Amino acid sequence: MHSTVVSRNNVHSFGKGQQPMLFAHGFGCDQNMWRYITPAFEDDFKIILFDYTGAGRSDIASYNAEKYSSLNGYAQDVLDICKALQLKDVIFVGHSVSAMIGVLAAIEKSDLFASIIMIGPSPCYINDEKYVGGFERQDIVGLLETMEKNYIGWANFLAPKIMGNAERPEFGSELTESFCSTDPVIAHQFAKATFFSDNRRDLADLTISSLILQCSEDIIAPLEVGEYLHKHLPNSELRIMKATGHCPHLSEPQETITLIKDYLGVEA
Amino acid sequence: MTDYFDNAPCCYFSFNDSGALLFVNQTLCTVLGYNREELTGKKVETIFSIPAKIFYQTHFFPLLKMHGHAEEIFIFLQAKNGSQLPLLMNAGQGENDGVPGYACVGIIVQNRKQFEDELVNAKNLAERALSENTGLKKAQEELKSQTEALDVQMQLVNNQNNKLKQFNKVATHDLQEPLRKIIFLANLLKDAPGGDLTQQENLTKLFKEASVMSDTLSGLQQYVWLYETPITPETVSCLEIIQKVKKQLAGELGEDKLEITTAKLPVIKADHRQFHLLFYELLYNAVLYKKAGEKAVVGISATVIKKNTFKAVEGRYEYQDVIKIVIKDEGIGFDPQYENMVFELFKKLHHSRRKGVGLALCKLVVENHNGLIEADSMPNNGTSISILLPGDMLVR
């Protein structure tokens, strides 16, 4: 179980602390996106990074279209990693869709988690009567179309990954650079699982505390969504960031670090 | 030179880390129908269509930030009048007067887009033709329903096998052993030369063994009853049952032995007698295995989660609503290596006068309702029993 999960999800752990901090990347990326954040926590925590099955450098052969057509399949990845590494008292840090994946995991096994830190979270991306999610259904269809078009351009550097690089070592250096590259079919399904998800009903079941890091001017998770989450998540804290956009851990890592440290009660 | 660049047959724009436009060339302004002043300092997303905005946040910006450059990115620009323009661009990290930023050069690819659309359409049509091939689809559906039926069958067979094994063990060992002793003692009694004292002692032993046997048999009878009697679903309030069981246990074991807190307990369609038995056995155990000198403190809560409905077939997934009821005590607990064993018939981890049938009965009740039961425990740290029931049992 241990070695299978570790290689399937390309799990890396490091750091001098005891309490685990599990960082979960969002849709479109992989664990590399945490590189500006983790150094600030290495001294006090045990850092765990991973790629969801099908993303980054995970084992694509383990991808199951049925399993990962739902965020529950991704939540199972998180629970599998906790079990394989025997993690307890976990601080879960989730970007974007990973915030809700963390909520699903923590509802299923609340004993494993201490708190959830959500960066740009949204329980539902599509507008629904009075609920403002930010998008209409056809916007998401447009995104799927845009992704499809871009994979035409990316086909070349995706190719070595699909072929496997064991017999093609010259692709090694290129692979390490292939950040955010994902198999197009998998990316398409992850996009659907993400943007068509609706986890509003689950929020009230979260028993552990949570921090919502809400960016200013984030088109993917607008302010109304952050406020909705804060209202419906028991024991939640809402912090509005100066950072704009959807990736504050890339654009404003220092502000992101300061707010997380502040929430965890660690000295900056 | 500047004029050439400003009016060059390509769109140029640059922006900084927080997404503010630093410079836009005249060509871009012209195709989008903006004045330069309307765009400079605004968010770069101003000129993107909505899907392009999402793509920018989830792919393009992370890629630029982490990789430093991105090639052949295709997006739709949105002009001031709302019309959409397909743009193919390259982007790279750079610096202007010490300010880091990103420069993008793109061309509007109206014709190429049509060409690509045809390509993508042809590809999609081919894929759809393949997947929608009616014969194939029908076969797929049949396979799916067969796999589901197979899963149910396999589970049934597995369950029955286990029960058979347990029954076998009980019949061959647990029943025969006391029986053997009874026969042995009876023989002694018969052959004893009239010493009253020995006869008394032997008789006492005889009765003790006989009562163990009768306990075992009654446990077995209950088990067989649960196994054979079909369930009668009716509307059942878990909270009401728990309150009744609590009263019953107070009568049998004494007041002040059990403290229960409940949260969000559901009303479900289930067999009332069986669920009464289920909560009776679980709460009885909590009192039996409480820490010495303390009262049993039990928390019972429920949530609806999504679980894979396939339990026995590997590699198949369909997430559906499941009612999860957790019964958590703060008792003496047990070693987690026995987590599966505790549900086996007549398995006792602790020495006690109990029959060792309680959790096996619970498992049978839950299985009769197409559910799963799991134990999670640590020595001295309490036991948590999770019951997973199909979501369609939920009334409210």
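Residues numbered from 1 in each chain as written. Chains lettered and ligands numbered in written order. Predicted model: local features only at pLDDT ≥ 70, side-chain atom pairs only at ≥ 80, totals over all residues.

*Asks:* Which residues make up the overall build of chain A, and what are the values?
*Replies:* Within chain A one finds nine helices and seven strands. Here chain A holds 268 residues, and the buried ones make up 49% of them. Sequence-distant contacts in chain A: of pairs separated by 6 or more residues, those separated by 24 or more amount to 73%. (Helix = DSSP H or I, 4+ residues; strand = E, 2+ residues; numbered from the N terminus. Buried ≥ 20, exposed ≤ 12 C-beta atoms within 10 Å, placed from the backbone. Contact = placed C-beta atoms within 7 Å.)

*Asks:* Break down the overall build of chain B for me, with residues and values.
*Replies:* Within chain B one finds 11 helices and 12 strands. The C-alpha atoms of chain B give 36 Å as radius of gyration, which overshoots the globular expectation for 396 residues (21 Å, by more than 25%). Along the first, second and third principal axes, the C-alpha set of chain B runs to 130 × 55 × 35 Å. For chain B, with 396 residues in total, the buried portion stands at 29%. For chain B, long-range pairs separated by at least 24 residues make up 61% of all intrachain contacts whose partners lie at least 6 apart in sequence. (Rg over C-alpha atoms; globule rule 2.2 N^0.38 Å.)

*Asks:* I'd like a description of the sheet that holds strand β4 (residues 84-96) of chain B, backed by residues and values.
*Replies:* Residue and element names in this part refer to chain B. Taking strand neighbours across the sheet as the criterion, the five strands line up as β2-β1-β5-β4-β3 in an open arrangement whose pairing is antiparallel. Where the open sheet ends on each side, the last strands, each with one partner, are β2 (21-24) and β3 (69-78). When the angles between neighbouring strand axes are averaged without regard to direction, this sheet yields 30 degrees. Where β4 meets strand β5 (residues 99-108), 10 bridges bridge the pair, whose relative direction is antiparallel. Within β5, the residue paired with E95 across the bridge is P100. Running over the sheet, helix α4 (residues 50-67) touches β3, β4 and β5 and is turned about 160 degrees from β3. (Pairing = 2+ DSSP bridges. Axes fitted to C-alpha atoms, helices over the stretch in contact; angles between N-to-C directions.)

*Asks:* Tell me what's going on with the pairing of strand β5 (residues 113-119) of chain A, and back it up with residues and numbers.
*Replies:* Residue and element names in this part refer to chain A. Of all seven residues making up β5, five are buried, and the element is well covered by its neighbours. In the sheet, strand β4 (residues 90-95) pairs with β5 via six bridges, with the strands oriented parallel. Counterpart to H95 in the pairing with β5 is I119. What joins β4 to β5 is helix α3 (residues 97-108), and the crossover it makes is right-handed. Pairing of β5 with strand β6 (residues 209-216) involves five bridges; the strand directions are parallel. Residue I119 lies in a different strand from β6, and its bridge partner there is L213. (Right-handed = clockwise from strand over helix to strand, strands pointing away.)

*Asks:* Talk me through the packing of helix α8 (residues 196-228) of chain B against helix α11 (residues 358-368) of chain B; I want residue IDs and the actual numbers.
*Replies:* Residues and elements named next belong to chain B. One way to put it is that α8 packs onto α11 with a least axis distance of 10 Å and a crossing angle of 5 degrees. As the angle between them shows, α8 and α11 are arranged roughly parallel. Across from Q222, Y223, L226 and Y227 in α8, the residues of α11 making contact are A360, L361, L364, V365 and N368. Its residues assigned to classes, the contact of α8 with α11 shows seven nonpolar, two polar and no charged. (Parallel < 35°, antiparallel > 145°, perpendicular 65-115°, else oblique. Nonpolar A, V, L, I, M, F, W, Y, C, P; charged D, E, K, R; others polar.)

*Asks:* Could you give me a rundown of unusual backbone geometry, with the residues and numbers involved?
*Replies:* Residue and element names in this part refer to chain A. The phi dihedral of E129 is positive, around 50 degrees, even though this residue is not glycine. Looking at the secondary structure, you find E129 in the loop between β5 and α4 (137-163). Positive phi, close to 55 degrees, is recorded for N235, a residue that is not glycine. Locating N235 in the fold gives a position in the loop between α7 (223-232) and β7 (236-244).

*Asks:* I'd like a rundown of the confidence of the model for chain A, residues and numbers included.
*Replies:* Across chain A, the average pLDDT comes to 87, with 87% of residues at or above 70. Under a pLDDT of 50 for its full length, residues 153-179 of chain A has, in the predicted model, 28 contacts with residues more than four places off or in other chains. (pLDDT = per-residue confidence, 0-100.)

*Asks:* So what's going on with the nonpolar core? Residues and values would help.
*Replies:* F92 and I101 of chain A are the most contacted members of the largest nonpolar core, which totals 108 residues. Residues V322, I327, V342 and L364 of chain B belong to the second largest nonpolar core, which totals 44 residues. (Core = buried A, V, L, I, M, F, W, Y, C linked by C-beta atoms within 7 Å.)

*Asks:* A description of the interface of chain A and chain B should follow, citing residues and the corresponding values.
*Replies:* Listed by partner, the interface residues are 37 residues for chain A and 36 residues for chain B. Of all the elements in the fold, those that place two or more residues in the side of chain A that touches chain B are α2 (71-84), α3, α4 and α8 (248-251) of chain A. Residues belonging to the side of chain A that touches chain B are distributed by class as follows: 13 nonpolar, 14 polar and 10 charged.

*Asks:* Talk me through the environment of K65 of chain B; I want residue IDs and the actual numbers.
*Replies:* Residues and elements named next belong to chain B. Within the fold, K65 resides in helix α4. Exposure remark for K65: the 18 C-beta atoms within 10 Å place this residue in the partly exposed category. In this structure, the C-alpha to C-alpha distance between K65 and G101, residues 36 residues apart in sequence, is 9.9 Å.

*Asks:* Describe the packing of α2 of chain A against α3 of chain A, listing the residues and the values that go with them.
*Replies:* Residue and element names in this part refer to chain A. The geometry of α2 relative to α3 is characterised by a closest axis approach of 8 Å and an angle of 65 degrees between their N-to-C directions. Judged by the inter-axis angle, α2 sits roughly perpendicular to α3. At the point where α2 passes α3, the crossing takes the right-handed sense. When α2 is examined against α3, the residues L71, N72, Y74, A75, V78 and L79 are found in contact with a partner set consisting of M100, I101, G102, L104, A105 and E108. Grouping the constituent residues of the contact of α2 with α3 by class yields nine nonpolar, two polar and one charged. (Left-handed = near helix turned anticlockwise from the far one by under 90°.)

*Asks:* Go over the sheet that holds β6 of chain A, please, and point to the residues and values.
*Replies:* Residue and element names in this part refer to chain A. Strand order in the open sheet formed by seven strands is β1-β3-β2-β4-β5-β6-β7, and the pairing between neighbours is mixed. What marks the edges here is a single partner per strand, and that holds for β1 (12-14) and β7. Adjacent strand axes in the sheet meet at a mean angle of 20 degrees when their direction is disregarded. As paired strands, β6 and β7 are joined by six bridges and run parallel to one another. In the strand pairing of β7, Q214 is matched with I240. The strands that α7 touches are β6 and β7; relative to β6, the one it contacts most, it runs at about 165 degrees.

*Asks:* How would you summarise α4 of chain B if you had to cite specific residues and measurements?
*Replies:* Because the α-helix completes a turn every 3.6 residues, residues three or four places apart line up on one side. All names here are of chain B. For α4, which comprises 18 residues, the first-to-last C-alpha distance of 24 Å matches the rise-based estimate of 26 Å (1.5 Å per residue) to within 8%. Taken as a whole, α4 carries its principal kink of about 55 degrees at Y56. Here α4 lies mainly inside the structure; 15 of its 18 residues are buried. (Expected span 1.5 Å × (residues − 1). Bend = angle between axes of the 7 residues up to and from the residue.)

*Asks:* Please set out helix α9 (residues 238-253) of chain B residue by residue, giving values where relevant.
*Replies:* Residue and element names in this part refer to chain B. Here α9 contains 16 residues, and its C-alpha end-to-end distance of 22 Å stays within 8% of the 22 Å for a straight helix at 1.5 Å per residue. For α9, the set of buried residues is C238, I242, V245 and L249. Down the axis of α9, the sector holding all buried residues measures 65 degrees, keeping them to one side. Across from the buried face of α9, at angles greater than 90 degrees, the exposed residues are K247 and G251. Buried residues along α9 sit against β6 (233-237), β7 (258-263), β8 (267-271), α10 (272-288), β9 (296-308) and β10 (319-329). Looking at the residues trailing α9, positive phi occurs at G254, about 110 degrees. (Arc of directions from axis to C-beta.)

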